[in-house]
Amino acid sequence: MEVASLAFHQAARRALADAELQRALARLRQNFQSRRAQAVAALPEFEALRRAGEAIRDHVLQHLDHYLERFVERAQAAGAKVHIAATAGEARRLVLELLQAHGVRRVTKSKSMVAEEVALAEALEAAGIRRVETDLGEYIIQLANEPPSHLIGPAVHMTEERIARLFAAAHGEPEEHDPKRLVAQARRVLRQAYLEAEAGITGANFLVAETGSVITVTNEGNAELTQGLPPLHIVVTSIEKLVPTMEHAFTLLRLLARSATGQEFATYTTVLTGPRRADDRDGPEAMHIVLVDNGRSAMLGSRLQPMLRCIRCSACMNHCPVYLAVGGHAYGWTYVGPMGAVLTPALAGIDRTYPLPEASTFCGRCADVCPVRIPLPDLMRVWREEAFRRRLAPLHQRAGLRLWAWLARHPRLYRRLFGLGVRLLAALGGRRRRLRRLPLAGGWTRARDLPAPEGPTFLASLERRR
Ligand code: SF4
């Protein structure tokens with residue numbers, strides 16, 4: 001998937017004018033927020049669990065080389081083959097080579113954001129390998145030929161009516177609006193794909209260093225069929241998914257389910273250690289694990305390292321006023337919402353993604369709900385500073401910030417000019433006390449009036465009282 005984040009503003013404007021998308025986003029806001037709130041309220045130790053999750057992730061990141069080595073050793077001892085891909089291109093090449101070596105023409109694939117990140121679907125298509133997405137949301141967007149717009153609900157931007165139209169066209173059946181019947185249609189197609197697939201590609205939620213196991217979490221059971229039915233299973237995931245032990249993994253799984261969907265635990269949590277053994281009744285004959293770096297090790301030891309704690313729960317975007325207004329496609333790449341505003345510049349480069357760290361009101365809700373306590377606004381500020389340093393922001397914005405910084409170092413002048421500005425705006429507001437157009441900052445009043453200042457500045461009032 002091409003990085004299109006520089007067009008964030010244009011895409012956001014289109015999203016705001018898209019009535020169907022706005023209906024879908026309103027539904028998302030209600031569902032995810034209330035379910036998470038209920039799950040958190042029902043668990044008094046949730047804050048303690050968050051701190052434990054943060055500590056686990058920080059510990060792993062500080063000793064990533066050690067846990068990586070241990071994981072590779074244990075996974076290979078269990079019969080899996082582990083490959084390290086330094087870049088997205090290398091990951092694509094490795095997967096294609098594995099599929100070609102096994103003569104694979106048809107694959108099933110469950111959701112993997114890392115596969116999305118390395119543009120695996122495009123590579124499979126170019127190599128003439130038929131891919132069927134088995135996660136229902138991914139299946140829907142595959143039919144629509146669109147990228148995902150959310151970490152755990154890739155098709156949340158679509159309304160039921162649109163899905164009904166898509167299914168009717170793809171399945172050659174009359175348009176159906178009952179969600180159960182739509183699911184039954186998808187199930188019929190997917191069952192056949194599972195039986196025909198010569199390889200299954202999945203992601204991984206966690207990798208357990210002590211056992212060499214891969215953990216996948218779904219609510220549909222599709223990852224289990226994807227990895228268990230075909231003779232070849234390929235896991236495409238990233239290096240920071242490691243956890244030291246199974247116990248650590250389960251602490252994080254408790255946080256993940258509550259933060260993502262408000263469940264105590266996901267419906268299907270599968271631990272897979274190596275391919276099928278002689279006395280196993282099912283499972284793949286061969287298992288390969290492709291561990292993708294693609295810029296992550298460069299984040300280690302930097303101010304951005306805390307971003308690698310992320311367990312992809314989506315709580316930050318479900319609570320972000322910007323994401324909930326414009327949806328995921330406006331972000332222009334795989335990772336969206338507040339976590340995307342930090343991770344995308346780190347993986348794709350700030351020069352290609354500059355508007356993303358600005359796509360935040362800094363209300364701080366993302367950090368408040370993050371189960372591993374990632375200080376997302378602070379990390380966005382790191383990128384804003386970098387963008388300022390590289391002169392990526394428009395000239396007027398940079399000049400304004402420089403002027404502001406200079407004034408802030410001259411507090412008396414600052415206060416005097418600020419007081420003058422407040423009086424000017426109050427006068428411009430007139431009797432209606434509303435500002436139709438803000439001088440030099442027209443974007444704030446393009447779609448609404450602003451209330452004019454009512455009186456003197458806070459500091460002036462305070463001084464007068466004293
Ligand atoms: S940044 Fe935090 S809240 Fe957002 S997806 Fe990652 S773990 Fe979840």
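Residues numbered from 1 in each chain as written. Predicted model: local features only at pLDDT ≥ 70, side-chain atom pairs only at ≥ 80, totals over all residues. Heavy atoms only, no water.

**Quick word on the site of the ligand**
Our working definition: We call a residue near a molecule or strand when any one of its heavy atoms sits within 4 Å of it. Whether a set of points on the 1 Å grid over the protein atoms alone is a cavity depends on a 1.4 Å probe fitting there but being unable to get out, while an open set qualifies as a pocket with protein on both sides within 12 Å along at least five of seven lines; lining residues are those with an atom within 4 Å of a point. Assignment of a molecule to a cavity or pocket requires that more than half of its atoms lie within 2 Å of the corresponding grid points. Note on residue categories: nonpolar means Ala, Val, Leu, Ile, Met, Phe, Trp, Tyr, Cys or Pro, charged means Asp, Glu, Lys or Arg, and polar means any other residue, Gly included.
With respect to spatial proximity, 14 residues lie near the ligand, and among them Cys310, Cys313, Ser314, Cys316 and Cys370 are the closest. Because more than half of its atoms lie within 2 Å of the grid, the ligand is assigned to the largest cavity. Tallied by class, the residues present in the shell around the ligand amount to twelve nonpolar, one polar and one charged.

**Details of the sheet that holds strand β3 (residues 130–133)**
Note the following rule: A pair of strands is treated as paired once DSSP finds two or more bridges between them. Numbering goes from the N terminus for both helices and strands, where a helix is a DSSP run of H or I of at least four residues and a strand is a run of E of at least two. Under this scheme, a helix contributes an axis fitted over its contacting stretch, all axes are lines through C-alpha atoms, and angles between N-to-C directions fall in the 0 to 180 degree range.
Strand order in the open sheet formed by six strands is β1-β10-β7-β4-β2-β3, with parallel pairing between adjacent strands. Each edge of the sheet is formed by a strand with only one pairing partner; in this case those strands are β1 (81–85) and β3. The average angle at which neighbouring strand axes cross in this sheet is 20 degrees, direction not considered. In this sheet, strand β10 (residues 286–292) lies alongside β1 in parallel orientation, the contact comprising five bridges. Note on β10: the bridge partner recorded for Lys81 is His288.

**Points about the layout of surface pockets**
Short version of the rule: Grid points are joined across faces, edges and corners, and a volume is the space filled by probe spheres set on the points. An automatic or database domain assignment supplies the residue ranges for each domain.
The computed volume of the largest pocket comes to approximately 2,400 Å³. If you trace the largest pocket, you find 41 residues lining it, with Leu440, Ala441, Gly442, Gly443 and Trp444 closest to the centre. Secondary-structure elements contributing two or more residues to the lining of the largest pocket are α1 (8–16), α15 (321–326), α20 (395–408) and α21 (411–429). Residues that form the lining of the largest pocket fall into these classes: 27 nonpolar, nine polar and five charged. Looking at the lining of the largest pocket, you find at least three residues from each of domain 1 (1–42 + 309–393) and domain 3 (397–465).

**Points about the domain arrangement of the protein chain**
A common measure of how large an interface is: the accessible area buried when the components associate. What counts, and what does not: Accessible area that two parts lose when put together, with a 1.4 Å probe and added across both, is what the buried area reports. Polar contacts, as counted here, are pairs of nitrogen or oxygen atoms within 3.5 Å of one another; within protein the pair requires one atom able to donate a hydrogen and one able to accept it, and residues that are adjacent in sequence qualify only if both atoms are side-chain atoms.
Domain boundaries assigned for the protein chain yield domain 1 (1–42 + 309–393), domain 2 (48–294) and domain 3 (397–465). For the domain 1 face of the interface with domain 3, the top three residues by lost area are Phe388, Arg391 and Ala393, together amounting to 83%. For the pair domain 1 and domain 3, the interface holds one residue pair in polar contact (both at pLDDT 80 or more). Looking at side-chain class alone, the side of domain 1 that touches domain 3 contains three nonpolar, no polar and three charged residues.

**Structural notes on a nonpolar patch on the surface**
Definition in use: Each patch is assembled from residues with relative accessible area greater than 30% and no salt bridge, linking like charges that lie within 9 Å and nonpolar side chains (Val, Leu, Ile, Met, Phe, Trp, Tyr) that lie within 5 Å. Values of accessible area rely on a 1.4 Å probe in the Shrake-Rupley scheme; residue burial ignores everything except the protein chains shown. Definition used for salt bridges: Asp or Glu carboxyl oxygen within 4 Å of a side-chain nitrogen of Lys or Arg. Each residue is placed in one exposure class: buried if its accessible area under a 1.4 Å probe, protein chains only, is under 20% of its type's maximum, exposed if it is over 50%, and partly exposed if it falls in between.
On the surface, a cluster of nonpolar side chains totalling about 470 Å² of accessible area is made up of Leu403, Trp406, Leu413, Leu417 and Leu420. Among the elements that make up the nonpolar patch, the one with the highest residue count is α21 (three residues). Counting through the fold element by element, Trp406 comes out in helix α20. You can call Trp406 partly exposed: its relative accessible area is 41%.

**Details of helix α2 (residues 19–41)**
In an α-helix, one turn spans 3.6 residues, which is why side chains three or four residues apart end up on the same side. Our working definition: To estimate the expected span of a helix, subtract one from its residue number and multiply by 1.5 Å. Here, two residues are considered to be in contact whenever any of their heavy atoms come within 4.5 Å of each other.
Over its 23 residues, α2 runs 33 Å from end to end, which matches the ideal 33 Å to within 8%, given 1.5 Å per residue. Buried residues of α2: Leu21, Ala24, Leu25, Leu28, Phe32, Gln33, Arg36, Ala39 and Val40, and no others. Looking at the buried side of α2, the elements it contacts are α1, α3 (46–62), α12 (246–261), α14 (315–318), α15 and α18 (365–369). Regarding α2, its N-cap is Asp18, as a side-chain oxygen of that residue lies 3.1 Å from the backbone nitrogen of Glu20 further along.

**Some words on the packing of aromatic side chains**
For clarity, the threshold we go by: Two rings from Phe, Tyr or Trp (for Trp, the six-membered ring) form a pair when their centres are within 6.5 Å of each other. A pair whose planes differ by under 30 degrees is stacked, one over 60 is edge-to-face, and the rest are tilted. Geometrically, a charge over a ring is one whose NZ (Lys) or CZ (Arg) sits within 6 Å of the ring centre while staying within 35 degrees of the ring normal.
According to the stated counting rule, one finds seven aromatic pairs in the structure shown. Relative to Phe265, the ring of Phe250 has its centre 5.9 Å away and its plane inclined at 10 degrees; by these criteria the two rings are stacked. Taken together, the positions of Phe250 in helix α12 and Phe265 in the loop between α12 and β9 (268–272) put the pair 15 residues apart, joining distant regions of the chain. Owing to a relative accessible area of 32%, Phe250 belongs among the partly exposed residues under this scheme. Stacked on the ring of Phe362, the Lys or Arg Arg384 has its end atom at 4.0 Å from the ring centre.

**Some remarks on the nonpolar core**
Note the threshold: Buried residues of nine kinds, namely Ala, Val, Leu, Ile, Met, Phe, Trp, Tyr and Cys, make up a nonpolar core once their side-chain atoms join them within 4.5 Å.
Counting residues in hydrophobic clusters, the biggest one holds 95 residues, and the most contacted among them are Leu99, Met307, Tyr323 and Met339. There are two domains that each give this core at least three residues, and those are domain 1 (1–42 + 309–393) and domain 2 (48–294). Other than its neighbours up to four places away in sequence, Met339 contacts Leu151, Met307, Cys310, Arg312, Cys316, Met317, Thr344 and Leu376. Judged by nonpolar contacts, the second largest core, of 19 residues, contains Leu64, Ala75, Leu242 and Leu291.

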